[in-house]
Amino acid sequence: MGAITSAAPEYELDEKYDYPVPPPQGWTADDLDRLPDLPRRTELIDGSLVSMSPQTRFHMRAMRLLENSLLEQAPDDLDVFREFSVTLDSRNRPEPDVLVVPPGADMGPAQTSLRPEDVILAVEVAVEETADRDREVKPRKYAAAGVVHFWRVEAGADGLPIVYVYELDPALKAYTPTGIHHNKLKLDVPFPLEIDLTAIDQRR
């Protein structure tokens, strides 16, 4: 049975919106650039379109904290992207919340997707609606594609971010957990960095 689209489900669109009908083999990564009027932040997972829910306050502020901190601390030969898709293969084109990439990954203003070999770090901020994908599906796919570093960020009981850090075992093409970080994230890879996780609600 062909893959079915899931572009309809996670938030309400205008009732007149025509959901695209997938071909028998499912959608491909290139289709995301051709389909008209897709909801903002539509990903491709296993040939199916997945639309993001409206952003939560925690999600927005966690992304802002991580993006700004990474930009401040990344060496000059690295860049930070936010909400930019990665073509893992023809049937999978997820959109990590934050990415660290080398400058060579920038192929011009018309670029719409990265290659997995150009992703040094992929970060997913998990909320209730995306938890299963962010905990299981996406990490497995990022690892299989060779993305070396992966972070999953979730809200703790106190509303502060908890960062789960993983590194790729290249022999197994699977992630190994290297730490769970509360209040402060301090790492030596992919470059030395220190992030005050309690600063999530600070503007600067």
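Since the structure is predicted, the reported quantities are computational estimates derived from the model, not experimental observations.

Focus on the side chain of Arg-152
Working step 1: With respect to the helices and strands, Arg-152 occurs in strand 8 (residues 149–155).
Working step 2: Overall, the relative accessible area of 9% leaves Arg-152 in the buried class.
Working step 3: At a separation of 2.7 Å, a polar atom in the side chain of Arg-152 contacts the side chain of Glu-154.
Working step 4: Residue contacts for Arg-152: discarding those within four places in its chain leaves Glu-124, Ala-126, Asp-134, Arg-135, Ile-162, Val-163, Tyr-164 and Tyr-166.

Remarks on the sheet that holds strand 7 (residues 121–125)
Working step 1: Judged by pairing direction, the sheet is mixed, and its six strands sit side by side in the order 3-5-7-8-9-10 without closing on themselves. If you trace the sheet from one side to the other, it starts and ends with strand 3 (79–82) and strand 10 (174–182), each paired once. Across the sheet, the mean angle separating the axes of adjacent strands is 20° when strand polarity is ignored.
Working step 2: Across the sheet, helix 1 (residues 57–73) is in contact with strand 3, strand 5 (98–101), strand 7, strand 8 and strand 9 (161–169); its angle to strand 3 comes to roughly 165°.

Side note on the pairing of strand 12 (residues 193–196)
Two faces make up the sheet, and in a regular strand the side chains alternate between them.
Working step 1: Only one face of strand 12 is buried, namely the one carrying Leu-193 and Ile-195, since none of Glu-194 and Asp-196 on the opposite face is buried.
Working step 2: In terms of strand pairing, strand 11 (residues 184–187) meets strand 12 through four bridges, oriented antiparallel. Bridge assignment links Lys-184 to a residue of strand 12, and that residue is Asp-196.
Working step 3: Between strand 11 and the antiparallel strand that follows it, strand 12, lie five residues.

Cut-offs used in this document
One numbering rule holds for all chains: residues counted from 1, following each sequence as written. Where local features are concerned, this predicted model is filtered to residues with pLDDT of at least 70; where side-chain atom pairs are given and counted, the filter is 80 or more; whole-chain, interface and lining totals use all residues. Water and hydrogen atoms play no part in the side-chain values, which are based on all heavy atoms of the structure. Only DSSP runs of H or I with at least four residues qualify as helices, and only runs of E with at least two residues qualify as strands; both kinds are numbered from the N terminus onward. The buried label applies to any residue whose accessible area, calculated with a 1.4 Å probe on protein chains only, is under 20% of its type's maximum; exposed applies above 50%, and partly exposed to all values in between. Throughout this description, a polar contact denotes any pair of N or O atoms lying within 3.5 Å of each other; where both atoms belong to protein, one of them has to be capable of donating a hydrogen while the other can accept it, and for residues adjacent in sequence the pair is counted only when both atoms sit in side chains. We call two residues in contact whenever any of their non-hydrogen atoms come within 4.5 Å of each other. DSSP bridges decide pairing: two strands pair if at least two such bridges lie between them. A fitted line through C-alpha atoms serves as each axis, taken over the contacting stretch for helices, and the angle formed by two N-to-C directions is quoted from 0 to 180°.

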